[in-house]
Amino acid sequence: MADTLKLALAQLNPTVGAIRANAALVRDARDKAAAEGANLLITGELVLCGYPPEDLVYRPAFLDMIESELQALAALTADGGPALLVGAPWRQNGAVYNAALVLDGGVIQDIILKHHLPNYGVFDEVRVFSAGPLPQPVTVRGVRMGVMVCEDMWFPDVSRSLACNGAELLVVLNGSPWELDKIAERQQHAAARVGETGLALVYVNQVGGQDELVFDGSSFVLGCDAAVCHAASPWDEGVTFCTWSRRDARWWPDGGASSLAAYPRREEYIYRALVLGLRDYVTKNGFPGVLLGLSGGIDSALSAAIAVDALGADRVWCVMMPSVYTSRESLDDAAEVARLLGCRLDTIPIAPAVEAWDQMLAPLFSGHLPDITEENLQSRTRGVILMGLSNKFGPMVLSTGNKSEMSTGYATLYGDMCGGYSVLKDIYKTTVFAVSEWRNSCCSQGLLGPAGPVMPRRVIDKPPTAELRHDQKDEDSLPPYPVLDSILEQLIEERKSVSAVAAETDYPHAEVERVWMLLNRAEYKRRQAPPGVKITRCAFGRERRYPLTNAFVKLA
């Protein structure tokens, strides 16, 4: 019976569908584990196919390739080096399961099937996978391990069954997307499982961006006393090691201050999530870079900074598209943002195109006063310019709208909503200010932009405006952003009624109802919006699915 154990925690960044490339990540990680004398390498959930695979699971050729790569990985373990605990889809008796597989001695030794399939928020595993039975412990290198796959850790029945059947150590393979306060929630569930079983727990999570989801890694180990004794760096890919010893018939990890990664402050966490989400979306989809409209306002300035930090200044192209309403201040601020970031800036005035629209539409618009129609034509002209440049030269258009705007419909379809990705899509305006303040004074490791400020102070301080008419301010059309965002967060994330929000705050009922009506009327716009990084508990898209035709609107 073994009395010592060395585990390698592989916090990897797989790409959905890139099965051979993902297998290569596992092989490279195993080489590192072998060099350090590890007994077992543990990956994240579904690492071979990437998470979430969605309807790819329905394709037999997809599953055939996964099985082939699993067999090839298993063959590697015949060399006497580290065993592998790998996540992958697995066919069995005509069904497909989300599985963890033990590869050792040149073969697939054990298969553990996920028992609890999440079917809420961004998860719909019930749609593509079958649920496995309560798992039994498996023996790996002389240790009885209770292996769970992600959601199985969130319920007590799986860990309790594993402990009752002789497990000595709990191991969890995860594909857990990040959102605000998610790390604490994971560790609370993990600590509950340790408290119930008295067994130490190893939690391995993937890192990287996949469409709207970002995975932060943040793998950790809890001792038998539920204390965190090992924590991998969030947002960073890599292999970390943890040594164990058997004491008092239980396995205890060796830890210390050097094995605990520091967690960043809230604004940095958000910023790193946005950078990683954009970087992986652009890179994994093969775009040469991004293109965005730089207005001189805070949203486009922050979007440009994120893009430069994610991709490098040489892959970010900014375009200033002034109209007759654009102030000298905005022109100067846009130029200073581009200078600070070191990225390309071109200026394309839209006045000639707007004048052409006026002439073309004059016969039909005759007798009607200018209104939001003319404002939207300016925005759509800018969208046409950006899409034209994208078509001609290849970079993806990055839209710059935030969650406050998308919630209330304060955005123009086929105008400022044009784009392939919206990095601020799940960021309220007040968070835009907070994150901009952080980035203007800080630059963490891994960011590719300047160490100093990324925008002039005036961009943060000046009142937000779309500059689509004279003396326009956002607060002409919307409540002040601190009020608006507070109301929106309660209506969206907390799903409170209008009456509840008004009763629990100082906001007038009529003001809350107005925001609720704006929120619901804008659903058709959000359905046509580009994807963007999820950071809240209820991001638009897969997590908030309201019908377009909805007679419940007034009954909030």
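What you see is a predicted model, and the numbers here were worked out from it, not measured in a lab. (Residues numbered from 1 in each chain as written. Predicted model: local features only at pLDDT ≥ 70, side-chain atom pairs only at ≥ 80, totals over all residues. Heavy atoms only, no water.)

Per the UniProt annotation, the sites labelled "domain: CN hydrolase" (unreviewed entry) are residues 5-246. With 26% helix and 34% strand, residues 5-246 has end C-alpha atoms that lie 9 Å from one another. (UniProt positions renumbered as here; feature names shortened; annotations may be inferred. Helix = DSSP H or I, 4+ residues; strand = E, 2+ residues; numbered from the N terminus.)

It is worth spelling out the pattern of salt bridges at this point. Per the counting criterion, the structure on display carries 41 salt bridges. Between Arg328 and Asp332 there is a salt bridge; the shortest N-O distance is 3.1 Å. Taken together, the residues Arg328 and Asp332, both in helix H8 (residues 328-341) and four residues apart, mark about one turn of the helix. A relative accessible area of 56% means that Arg328 is categorised as exposed. Members of the salt-bridge network, linked through shared partners, are Glu329, Asp333, Arg458 and Lys462. (Salt bridge = Lys/Arg side-chain N within 4 Å of Asp/Glu carboxyl O. Buried < 20%, exposed > 50% of the residue type's maximum accessible area, 1.4 Å probe, protein only.)

What follows covers the sheet that holds strand E3 (residues 83-92). Reading across from one edge, E5-E4-E3-E2-E1-E14-E15 is the order of the seven strands in this open sheet, with mixed pairing throughout. Looking at strand neighbours, the two that pair on one side only are strand E5 (107-113) and strand E15 (250-253), the edges of this open sheet. Averaged over all pairs of adjacent strands, the angle between their axes in this sheet comes to 35 degrees, without regard to strand direction. Where E3 meets strand E4 (residues 95-104), nine bridges bridge the pair, whose relative direction is antiparallel. (Pairing = 2+ DSSP bridges. Axes fitted to C-alpha atoms, helices over the stretch in contact; angles between N-to-C directions.)

A separate point is the sheet that holds strand E19 (residues 396-399). Taken together, five strands build an open sheet; the order of strands is E18-E17-E16-E19-E20 and the sheet is parallel. Here the strands that pair on one side only, and so sit at the sheet edges, are strand E18 (344-347) and strand E20 (421-422).

All told, the structure shown has eight aromatic pairs when counted by the stated rule. Between Tyr203 and Phe220 the ring centres are 4.6 Å apart and the planes differ by 10 degrees, which places this aromatic pair in the stacked class. On the criterion of sequence distance, the pair formed by Tyr203 in strand E9 (residues 201-205) and Phe220 in strand E12 (residues 220-222) is long-range, its members being 17 residues apart. The pair formed by Tyr203 and Phe220 is uniform in burial state, with each residue classed as buried. A centroid spacing of 4.3 Å and a plane angle of 25 degrees characterise the contact between Tyr281 and Tyr421, whose relative ring orientation is stacked. Linking Tyr281 in helix H6 (residues 266-284) with Tyr421 in strand E20, this pair joins segments that are 140 residues apart in sequence. (Phe/Tyr/Trp six-rings, centres within 6.5 Å; stacked < 30°, edge-to-face > 60°.)

Further remarks concern the domain arrangement of the chain. Domain annotation for the chain reports domain 1 (4-257) and domain 2 (267-474). Centre-to-centre separation of domain 1 and domain 2, based on C-alpha positions: 40 Å. Here domain 1 and domain 2 share an interface that buries about 1100 Å² over both sides, 58% of which is from carbon and sulfur atoms. Between Lys425 and Glu212 there is a salt bridge; the shortest N-O distance is 3.1 Å. For the pair domain 1 and domain 2, the number of links is nine residue pairs in polar contact (both at pLDDT 80 or more). If you list the elements that add at least two residues to the side of domain 1 that touches domain 2, you get strand E10 (207-210) and strand E11 (213-216). Among the residues forming the side of domain 1 that touches domain 2, the class breakdown is nine nonpolar, five polar and four charged. (Domains from an automatic or database assignment. Buried area = accessible area lost by both parts, 1.4 Å probe. Polar contact = N/O pair within 3.5 Å; in protein donor to acceptor, adjacent residues only side chain to side chain. Nonpolar A, V, L, I, M, F, W, Y, C, P; charged D, E, K, R; others polar.)

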